[in-house]
Amino acid sequence: MTRRAVKVKPGTHPTPDSTALSAVQYVDTDKVFFRGDKLCKYPGWSSQATTFTGAARSIASFNNGTYNIWLIGTHKRLYARINGTDTNITPLLTTTTAIANSIDIANGSTNMVFNAVGHLQAVGDRVKIAGAANFDVYTAATHINIEHIITAVTANTFTVVVAVAANPGATSAGGAGTTYAKQIAAGDISQADLIGFGGGDYDEGDYDEGGVFTTAFAYPRIWSFGRYGDGSVAICPGGNGIIYGWSGSTTVAPVKITNSPTALWISTRNNAIKARGAGSVKNMINISGVGAVTAWTPGPTTTSYADDWEEAGRMISDAYAGNIGLIFTENMVIAEEYVDLPKLYRHETIMRSDGILGPMARIEIEGQILWAGNHGFYLFNGEGIEKIKTSVQDYIFASSDRGGNLNRSQRYNCFWEYDPANAQAVFHFPAGVSSEPNEYCILHMPTRTATLGTRSLTAAEQIPLESYRLTAYGDNTTHELYRENSGVEAGSSAMSWHAESHWRLMTDGGLSQEIMEIYPDATQTGDITLTMYAKDYARSTDTRTYGPYTISPTTERICPQVDGHLVKYRWASTVEGGDYREGSWMEDVQPGTEP
């Protein structure tokens, strides 16, 4: 009898090189990762109380000098999360609607009702009242002509809560000058090809059927953020949206930064705001003055900058590696460097063969930029671009007719998160026909090991403010917020995980081999199971199953007596409170018989 190690190559290899391998590979994994070559259960996460609504696409965080603030941008609203409380701070429209003599409030009540025919607002929306006059016990400037959160609606009324109870109450109050301003309209929840006559290729499709336009899309709302000045935050909802500034107070919504253009994406660097796709020009770069965010017009004595990069397409994102910024389009990458006066900025196209899948499909990691393009993963270290070769390249990026699983029609919903404790970046993407990210790929940065799994998330805090990071899932009906690397459970439920190998050729000779005993070795909490499968020929459908065998933290050995020419293994657990880190498993084998 011979004792040998049970070795499986780390990562997921969904398309093995052959069906009889001398080195076993994992082909099916979920909720696992690797420390070096050792299999580990995925870090747990805890559910956080939240009141946000809409599809969360971006999470940013900062400290305003008093407390930590997380900004959660959804397609419906923008929220500020402070001390566990979510407040809707969605910017307001500058247009107002007159509602003269419209306020009703009952004696002893703090529920102030505004009569506004066909207002089309919802509970939780932000609204600003202006022009109302003093009445009852209310000083209008203090109690009424401020921003409120709507607490109840009917078709023709909306209600807010005021700080002081009415005495004796009033009807048709407020005066002739009362107006209200609504929050900006919701954006698109997901990406959509525009379909109609004239779309599609000239010589394809039936005469009377619309085709898909290849250059016109509906884009999901994805907010972008940046810090500037004395701690203020620049905010843009994307989609040729206004650039807003916010001081950190939840009593006042962000307001338009004076003179700023609209933009597809914004960021901040060197105390300047950078607008990509500025002023309705998809390839326009417009940068505010350094330390002067209201100065946007270039001049001989200013540090403002504007230039359209003629060969570029729609600028949808950017990121920074040291002093070098990368501006991303869907099929091109442009480097940007600050060089001071007189030129201010230097630009150079450094990639024409690929771009980026979507605005959040890039992340800054320890002075480098990692992103997902149309054809794979890329890393920029400040000097050059590396295309990262992984075992999941075809699984994610190949065309659907060649087995690729990325739903390219929803590519804008892809995003990254980074787990510094385990030195791994996690790429979330919509697979199959899913419109929201439902699968992930863990990329271990030191080894480039790639591991697949399933999880439904729509946003992550890319640069964590604290020792943990927030992630979110949001659509039109479900809204969840999580704290990552928190415990061992999947929110409030036990985490189910598994790792299954491909077939391993047990011997080079004519005889089969028999695995008599297996000796587990792991740092383990709770039970796991091991199931083994055997067969005699690579193409055989006659598979024998052994197990599942329950392996507790004290199990010394199991005796499966697996006989065959080929064998594969499946480790799994669904135990609440369980955790697992692989050690060095061993097995005893002896010659078997001819098949």
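Residues numbered from 1 in each chain as written. Predicted model: local features only at pLDDT ≥ 70, side-chain atom pairs only at ≥ 80, totals over all residues. Heavy atoms only, no water.

A. Local environment of the overall build of the protein. In terms of helices and strands, the protein carries two helices and 54 strands. Principal axes of the C-alpha set define a box for the protein whose edges measure 95 × 60 × 60 Å. When each of the 595 residues of the protein is scored for burial, the buried share is 53%. When the accessible area of the protein is evaluated, it comes to approximately 25100 Å², of which 49% is carbon and sulfur surface. Charge-centre separation for the protein: the mean point of 44 positive side chains lies 3 Å from the mean point of 61 negative side chains. (Helix = DSSP H or I, 4+ residues; strand = E, 2+ residues; numbered from the N terminus. Buried < 20%, exposed > 50% of the residue type's maximum accessible area, 1.4 Å probe, protein only. Areas by Shrake-Rupley, 256 points an atom, 1.4 Å probe, with all protein chains shown as cover. Lys, Arg positive; Asp, Glu negative; His and termini not counted. Charge placed at Lys NZ, Arg CZ, Asp CG, Glu CD.)

B. Structural detail: the sheet that holds strand 44 (residues 479–484). Taken in spatial order, the four strands make up an open sheet running 6-44-43-42, and their pairing is antiparallel. In this open sheet, the two strands that pair with only one neighbour each are strand 6 (45–48) and strand 42 (459–460). Two strands pair when backbone bridges link them, and strand 43 (residues 470–474) and strand 44 are joined in this way by five bridges, in the antiparallel orientation. Each bridged residue has a counterpart across the sheet, and for Y473 the counterpart in strand 44 is E480. (Pairing = 2+ DSSP bridges.)

C. Highlighting the environment of I316. With respect to the element layout, I316 can be found in the loop between strand 29 (305–308) and strand 30 (317–321). Sequence-wise, I316 and A141 are 175 residues apart; in three dimensions their C-alpha atoms are separated by 41 Å. Leaving out residues up to four positions away in the same chain, I316 has contacts with W265, F328, E330, I356, G358, P359 and Y412. (Contact = heavy atoms within 4.5 Å.)

D. The pairing of strand 39 (residues 424–429), seen in detail. Buried residues dominate strand 39, accounting for six of its six residues. Burial of strand 39 is two-sided: the residues Q424, V426 and H428 facing one way and the residues A425, F427 and F429 facing the other way are all buried. Inspection of the sheet shows strand 38 (residues 415–419) paired to strand 39 by five bridges, in the antiparallel sense. Directly across from D419, in strand 39, lies its bridge partner Q424. Counting the residues that bridge the hairpin from strand 38 to strand 39 gives four residues, and of these A423 lies at a positive phi of roughly 55 degrees. The pairing of strand 39 with strand 40 (residues 439–444) spans six bridges and is antiparallel. Residue F427 lies in a different strand from strand 40, and its bridge partner there is C441.

E. How the structure looks around the pattern of salt bridges. Counted under the stated rule, the structure contains 24 salt bridges. Ionic pairing is found between R4 and E587, a salt bridge with its closest N-O pair at 2.8 Å. Residue R4 is found in strand 1 (residues 2–5), and its partner E587 is found in strand 54 (residues 586–591); the two are separated by 583 residues along the sequence. Per residue, the accessibility class of R4 equals that of E587, and both read buried. (Salt bridge = Lys/Arg side-chain N within 4 Å of Asp/Glu carboxyl O.)

F. Main features of the pairing of strand 10 (residues 85–88). Here strand 10 shows a buried face lined by D86 and N88 and an unburied face lined by T85 and T87. By the bridge criterion, four bridges tie strand 9 (residues 78–82) to strand 10 in an arrangement that is antiparallel. Residue pairing in the sheet places I82 in a bridge with T85 of strand 10. Between strand 9 and strand 10, which pair antiparallel one after the other, the connecting turn spans two residues, and N83 there sits at a positive phi close to 50 degrees.

G. Summary view of the nonpolar core. Among the nonpolar cores identified, the biggest contains 42 residues, and L326, L370, W371, F377, I396, W416 and F427 are the most heavily contacted of them. Non-local contacts of L370, meaning those with residues more than four positions away in its chain, are made with A361, R362, I363, I365, Y378, L379, I388, W416, A425, L443 and M445. Core analysis: the next-biggest nonpolar cluster, separate from the first, contains 26 residues, L39, I515, I518 and W585 among them. (Core = buried A, V, L, I, M, F, W, Y, C linked by side-chain atoms within 4.5 Å.)

H. Focus on unusual backbone geometry. That bond from L341 to P342 is cis: its omega, 5 degrees, falls within 30 degrees of zero. Inspection of the secondary structure puts P342 in the loop between strand 32 (333–340) and strand 33 (344–351). In the segment running from G547 into P548, the intervening peptide bond is cis, with an omega of 10 degrees. Tracing the backbone shows P548 in strand 50 (residues 544–551).

I. Seen up close, the sheet that holds strand 47 (residues 513–519). An order of 1-54-47-51 is seen for the four strands of this open sheet, with the pairing classed as antiparallel. Each having just a single partner strand, strand 1 and strand 51 (562–564) make up the two edges of the open sheet. For this sheet the average axis-to-axis angle between neighbouring strands, irrespective of direction, equals 30 degrees. (Axes fitted to C-alpha atoms, helices over the stretch in contact; angles between N-to-C directions.)

J. Highlighting the confidence of the model for the protein. Summing up the model confidence of the protein, the mean pLDDT is 93 and the portion of residues at 70 or higher is 93%. Under a pLDDT of 50 for its full length, residues 200–207 has, in the predicted model, three contacts with residues more than four places off or in other chains. (pLDDT = per-residue confidence, 0-100.)

K. Representation of the environment of V589 in the model. Along the chain, V589 turns up in strand 54. A C-alpha to C-alpha distance of 23 Å links V589 and P10, two positions 579 residues apart in sequence. Apart from residues lying up to four places away in sequence, V589 is in contact with M1, T2, R4, Q513, E514 and I515.

L. Inspection of the state of the cysteines at higher detail. Taken as a whole and judged by the stated rule, the model has zero disulfides. For C441, which is in no disulfide, the shortest distance to another cysteine sulfur is to C414 and amounts to 12 Å. (Disulfide = S-S within 2.5 Å.)

M. The arrangement of the side chain of S109 in detail. As for its placement among the helices and strands, S109 is situated in the loop between strand 12 (103–105) and strand 13 (111–115). Within the structure, S109 has its side chain in polar contact with the backbone nitrogen of N111 (distance 2.9 Å). Among residues more than four places away in sequence, those in contact with S109 are Y138, V164, A165 and A166. (Polar contact = N/O pair within 3.5 Å; in protein donor to acceptor, adjacent residues only side chain to side chain.)

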